[in-house]
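# Residue-level structural notes
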Amino acid sequence: MKVLFLCTGNSCRSILGEATFNHLAPEGWEGMSAGSKPTGKVHPRSLALLNSQGISTEGYYSKSWNDLPATPDIVLSVCGNAANETCPVYLGSAIRSHWGVEDPAHVEGTEEEITASFMKAYRILRYRIEQFLALPLDELQNDRDRLKAELDRIGNLLP
């Protein structure tokens, strides 16, 4: 199963989601990320944060939803801007859910405040991913309605 973490810029939250998901996911599950208007670069603080958590950053880059290597089975929008956008046709029958997270790339303040905003986004995403992966995935793969309901529920959880 392929899980797409979708946002606008594909430089922070969706990259954090993709890398964290791939770090934690069982065999047969793969995270991807993309943006509707990608910045073309991954935010350096996202990479630094992932490295500090022992999560590989190799191979991650900012890309458009038009350039995905595969069609996702599940699409998780992680920003408010993408929550109500019309999904492109190629997403087809993917299960969609919104896991909104504030964008740390737009936080202004001290170094500590900016670093804290990236850590907050990471902790929210990691917690939700852990909750997702704790579900009976083999069972839910065959029950789209129940899987969608669980993803929607998880999208409102905070650590």
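Residues numbered from 1 in each chain as written. Predicted model: local features only at pLDDT ≥ 70, side-chain atom pairs only at ≥ 80, totals over all residues. Heavy atoms only, no water.

To continue, consider the pairing of strand β3 (residues 74–77). Residues of β3 alternate between two faces, with Ile74 and Leu76 on one and Val75 and Ser77 on the opposite face, all of them buried. As paired elements, strand β1 (residues 2–7) and β3 share four bridges and run parallel to each other. Across the sheet, the residue bridging to Leu4 is Val75, located in β3. Note that β3 and strand β4 (residues 95–98) share four bridges and pair parallel. Across the sheet, the residue bridging to Leu76 is Ser97, located in β4. (Buried < 20%, exposed > 50% of the residue type's maximum accessible area, 1.4 Å probe, protein only. Helix = DSSP H or I, 4+ residues; strand = E, 2+ residues; numbered from the N terminus. Pairing = 2+ DSSP bridges.)

All right, on to the sheet that holds β1 then. The four strands are arranged β2-β1-β3-β4 in an open sheet whose pairing can be described as parallel. Strand pairing shows two members of the sheet lacking a second neighbour, β2 (30–35) and β4, which therefore form its edges. Taking the axes of each pair of neighbouring strands and ignoring which way they run, one obtains an average angle of 20° across the sheet. Strands in contact with helix α6 (residues 144–154) are β3 and β4; relative to β4, the strand with the most contacts, it is inclined by about 15°. (Axes fitted to C-alpha atoms, helices over the stretch in contact; angles between N-to-C directions. Contact = heavy atoms within 4.5 Å.)

A word on the packing of aromatic side chains. In the structure shown here, the tally under the stated rule is five aromatic pairs. Seen from their ring centres, Trp29 and Phe132 are 5.7 Å apart, and the 90° between their planes marks the pair as edge-to-face. Remark: Phe132 occurs in helix α4 (residues 111–133) and Trp29 occurs in the loop between α1 (13–24) and β2; sequence separation between them is 103 residues. Here the two residues Trp29 and Phe132 agree in accessibility, since each one is buried. On the numbers, 6.3 Å between centres and 90° between planes, the contact of Trp99 with Phe132 is edge-to-face. Of this pair, Trp99 sits in the loop between β4 and α4 while Phe132 sits in helix α4, placing them 33 residues apart in sequence. Its relative accessible area of 0% is what places Trp99 among the buried residues. Relative accessible area serves as the criterion here: at 0%, Phe132 is assigned to the buried category. (Phe/Tyr/Trp six-rings, centres within 6.5 Å; stacked < 30°, edge-to-face > 60°.)

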